[in-house]
Amino acid sequence: MKVADIRRTFLKFYESKGHTIVASSPVVPGNDPTLLFTNAGMNQFKDVYLGFDHRPYKRATTSQKCIRAGGKHNDLDNVGYTARHHTFFEMLGNFSFGDYFKKDAIHFAWELLTEHFHLPPEKLWVTVYAEDQEAYDIWHKEVGIPADRIVRIGDNKGARYMSDNFWMMGDTGPCGPCSEIFYDHGPSVQGGPPGSPEEDGDRYMEIWNLVFMQFYRDEKGEMHKLPRPSIDTGMGLERIATVLQGVHSNYDIDLFKNLLAAAKAAVESVSTVPADINSPSLKVIADHIRACAFCVADGVLPGNEGRAYVLRRICRRALRHGYKLGARGPFFYKLVDAVRKEMGEAYPELMNHEIEKVIEAEERRFLQTLSKGMDILDAAIAENKTGVLPGDVVFKLHDTYG
Ligand code: GLY
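These notes cover the structure that comes with them. Everything numeric here is computed off the predicted structure, so don't read it as measured data. (Residues numbered from 1 in each chain as written. Predicted model: local features only at pLDDT ≥ 70, side-chain atom pairs only at ≥ 80, totals over all residues. Heavy atoms only, no water.)

Turning our eyes to something else, we now look at the pairing of strand S8 (residues 204–217). As defined by bridge partners, strand S7 (residues 173–184) adjoins S8 across 10 bridges and the pair is classed as antiparallel. In the strand pairing of S8, glycine 173 is matched with arginine 217. Hairpin connection of S8 to strand S9 (residues 223–236): five residues between the antiparallel strands, including glycine 221 at a positive phi of 85 degrees. (Pairing = 2+ DSSP bridges. Helix = DSSP H or I, 4+ residues; strand = E, 2+ residues; numbered from the N terminus.)

In the contact formed by helix H1 (residues 3–16) and helix H5 (residues 237–244), the axes pass within 10 Å of each other and the chain directions differ by 110 degrees. By the angle class used here, H1 and H5 are roughly perpendicular. As H1 runs across H5, the sense of the crossing is right-handed. For the pair H1 and H5, the contacting residues are Val3, Ile6 and Arg7 in the first and Leu237, Ile240, Ala241 and Leu244 in the second. Of the residues contributing to the contact of H1 with H5, the split by class is six nonpolar, no polar and one charged. (Axes fitted to C-alpha atoms, helices over the stretch in contact; angles between N-to-C directions. Parallel < 35°, antiparallel > 145°, perpendicular 65-115°, else oblique. Left-handed = near helix turned anticlockwise from the far one by under 90°. Contact = heavy atoms within 4.5 Å. Nonpolar A, V, L, I, M, F, W, Y, C, P; charged D, E, K, R; others polar.)

Right, let's get into the site of the ligand. Every residue close to the ligand is listed here: Ala40, Arg68, Met91, Trp167, Asn209, Val211 and Asp232. Within the side chain of aspartate 232, one N or O atom sits 2.8 Å away from a nitrogen atom of the ligand. Calculation on the ligand without its partners gives an accessible area of 190 Å², and the protein chains cover 94% of this total. Residues that form the shell around the ligand fall into these classes: four nonpolar, one polar and two charged. (Near = heavy atom within 4 Å. Polar contact = N/O pair within 3.5 Å; in protein donor to acceptor, adjacent residues only side chain to side chain. Areas by Shrake-Rupley, 256 points an atom, 1.4 Å probe, with all protein chains shown as cover.)

This brings us to the nonpolar core. Judged by nonpolar contacts, the single largest core of 97 residues is most densely connected at Leu119, Trp139, Ile181, Ile207, Trp208, Ile240 and Phe332. The element that contributes the greatest number of residues to this core is helix H7 (residues 280–297), accounting for 11 residues. Excluding its chain neighbours within four sequence positions, the residues that come into contact with phenylalanine 332 are Ile285, His288, Ile289, Cys292, Cys315, Ala318, Leu319, Ile359 and Glu363. (Core = buried A, V, L, I, M, F, W, Y, C linked by side-chain atoms within 4.5 Å. Buried < 20%, exposed > 50% of the residue type's maximum accessible area, 1.4 Å probe, protein only.)

On to the environment of aspartate 276. One can find aspartate 276 in the loop between helix H6 (254–268) and H7. Using a relative accessible area of 44% as the deciding quantity, one classes aspartate 276 as partly exposed. From its side chain, aspartate 276 meets the backbone nitrogen of asparagine 278 in a polar contact 2.9 Å long.

What follows concerns the packing of aromatic side chains. Summed over all chains, the structure comprises 18 aromatic pairs. Ring geometry for phenylalanine 13 against tyrosine 14: centres 4.9 Å apart, planes inclined by 85 degrees, an arrangement best described as edge-to-face. When the centroid spacing of 4.4 Å and the interplanar angle of 5 degrees are considered together, the rings of phenylalanine 88 and phenylalanine 294 count as stacked. Taken together, the residues phenylalanine 88 in strand S3 (residues 88–96) and phenylalanine 294 in helix H7 connect sequence positions 206 residues apart. Both residues of the pair, phenylalanine 88 and phenylalanine 294, belong to the buried class. (Phe/Tyr/Trp six-rings, centres within 6.5 Å; stacked < 30°, edge-to-face > 60°.)

The structure is reproduced here in structure tokens:
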């Protein structure tokens, strides 16, 4: 299944279960000062969970544009160096606003994964919040997952390892215990089951998070019950695509293979050396063009504050990696068309050709200072014997050379 087929299958499945297909909200959250960028499918429904907003539906499903490059969920520095972190990604989700709860959420997820995506049940593991016996029993007694593939995990106040099974949108907002579904890539891949000391390996990959929304966390950290228990789920489209396409890295799925090829061609169009298709720098570029194109499409312009500054940082990080690969002229803006080709059908806002113009202008502006800054950095590294760059050099590179 190609990425576009997976997206369509997910939405149609939930539509057949009485959910309304709702368009993705913009990457800039409307009317929510607590968020820099939309970071999850449930953001556009925050007020519905809280009981302040009422919709003509009680069940919804979306493929949501998300950016995790600032604020509570910030993956920027990992991008390019891991198989699965992205600044921009799509999150598939189904939502119940005081309608169905744990039982249906779990059964729907299992049906989709095993009967429509045809994943072998024995490859799937689940985690539940340590005290959530109800979710445990649904997985074990009703779905039939053996006890040795169900892991109980506490929230991060008590857990020994990185995992936690209590999902929060941010420091404040709707939240609740969750149950995650993992796919086991098999013993040829390193890593241990969720909750084990080796859980950070790539063998067991989280594909879906089912959140049982029950609380609102306020500024003081106090929890208040939501008007009605609700459901919010999030499945990374790129991750489920790796599983369904039988690959281990998000960069090997059809969409990213095409973006990487386009990135290589664009870099080489302004370079005298070939760009290695496997280099982390090319992955950074292929990732970052999506974040930049969608930010601009949704009205963010590069600047010096807030989300405008995050956009500028993402754009400059891509350009620095292009420079590392040998690019000496503008290349990044040329990739907007490749993003459009891959995703324009699902997201018509990409059809706006101003996007290229904004990115090209930012690119030209930065190129002037980048090569000077890189010369200063290279000279400082060459001269330096201690392994620690002097603070004044670092400050100058940041402050004057961006
Ligand atoms: N809202 C669920 C998640 O982002 O995992």
